[in-house]
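# Structural overview
Here's the letter readout for the chains.
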Amino acid sequence: MISALLGGMPMFWPGLLLSLVPAALLNRPVGRLLRAHWVVGFVLLLGLGGVVVATLLPEAFELSEDAVRHCTVAGGRPRSPHELLHVRHIELKLATYAPVGFAAALAGTRRRRAVALAAAAVLPFAVSALQYAVPAIGRDCDVQDVWDGVQGVALGAALGLAAGPAVRAVRSRSRAV
């Protein structure tokens, strides 16, 4: 179902593969910055790469030269859990933003976790602002996309906060050995 949706995004898979390179090269420094395991840095960087690929790359291989700035602000609202599980476009938004929220919730200290979660919550707004500011990429900003992105970050953050104690316990046991 998601692969059918991605059929209209020819840059998704190559872009996601290219985002593996910075994730592989920078995961340890990002993990240290967050005071978390390098895997958290890898998930965060790969998640950010997915956000960039799915929301900021042109939908076609060529940039749109005659793009018009357009931003839809009417009708945006948080979606119900039923809608989140049954709308194909939403599944992609959740899958794109959830790893960012998940990794942010696993930052090592409370202060870094709070900063990372705040930055993750701002990410959907920043993406829509860039879509509006750079019309050449051919993406319209839409307030519903912001809501969907925020809900994806929140879902990932909730999962990360729930998994955090177990992850930290495993990490502290591995240090003791």
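## What to know about helix H3 (residues 38–55)
Over its 18 residues, H3 runs 26 Å from end to end, which matches the ideal 26 Å to within 8%, given 1.5 Å per residue. Every buried residue of H3 is listed here: Val40, Gly41, Leu44, Leu45, Gly47, Gly49, Gly50, Val51, Val53, Ala54 and Thr55.

## With respect to the layout of surface pockets
One way to see where empty space is left: roll a probe the size of a water molecule over the atoms. A volume near 300 Å³ is recorded for the largest pocket. Looking at the largest pocket, it is lined by 17 residues, and the ones nearest its centre are His37, Val40, Val167, Arg168 and Arg171. At the level of elements, H3, helix H5 (88–105) and helix H7 (143–176) are the ones that each hand at least two residues to the lining of the largest pocket. Of the residues assigned to the lining of the largest pocket, the class counts are 9 nonpolar, 4 polar and 4 charged.

## Some details on the packing of H3 against helix H6 (residues 110–133)
In contact at an axis separation of 11 Å, H3 and H6 are set at 30° when each is read in the N-to-C sense. The interaxial crossing formed by H3 with H6 has right-handed handedness. Contacts from Leu48, Val51 and Thr55 in H3 reach Leu123, Val127 and Gln131 in H6.

## Things to note about unusual backbone geometry
Positive phi values are uncommon outside glycine, yet Arg35 reaches one of about 60°. Topologically, Arg35 is positioned in the loop between helix H2 (12–34) and H3. Residue classification places Arg35 among the partly exposed residues on the basis of a relative accessible area of 48%.

## Structural notes on the environment of Val150
You can see Val150 is positioned in helix H7. Through-space distance from the C-alpha of Val150 to that of Pro78 is 8.8 Å; in sequence the pair is 72 residues apart. Apart from the residues lying within four places of it in its own chain, the contact partners of Val150 are Ala121, Pro124 and Phe125.

## Some details on the environment of Tyr97
On the secondary structure map, Tyr97 appears in helix H5. For Tyr97, a relative accessible area of 2% gives the class buried. A C-alpha to C-alpha distance of 5.8 Å links Tyr97 and Gly149, two positions 52 residues apart in sequence. When sequence neighbours within four positions are dropped, the list of residues in contact with Tyr97 reads Val51, Thr55, Leu123, Pro124, Val127, Gly149, Gly152 and Val153.

Criteria and thresholds
Residues numbered from 1 in each chain as written. Predicted model: local features only at pLDDT ≥ 70, side-chain atom pairs only at ≥ 80, totals over all residues. Heavy atoms only, no water. Helix = DSSP H or I, 4+ residues; strand = E, 2+ residues; numbered from the N terminus. Expected span 1.5 Å × (residues − 1). Buried < 20%, exposed > 50% of the residue type's maximum accessible area, 1.4 Å probe, protein only. 1 Å grid on protein atoms, 1.4 Å probe; cavity = no way out; pocket = protein on both sides within 12 Å on 5 of 7 lines; lining within 4 Å. Points joined across faces, edges and corners; volume = space filled by probe spheres on them. Nonpolar A, V, L, I, M, F, W, Y, C, P; charged D, E, K, R; others polar. Axes fitted to C-alpha atoms, helices over the stretch in contact; angles between N-to-C directions. Left-handed = near helix turned anticlockwise from the far one by under 90°. Contact = heavy atoms within 4.5 Å.

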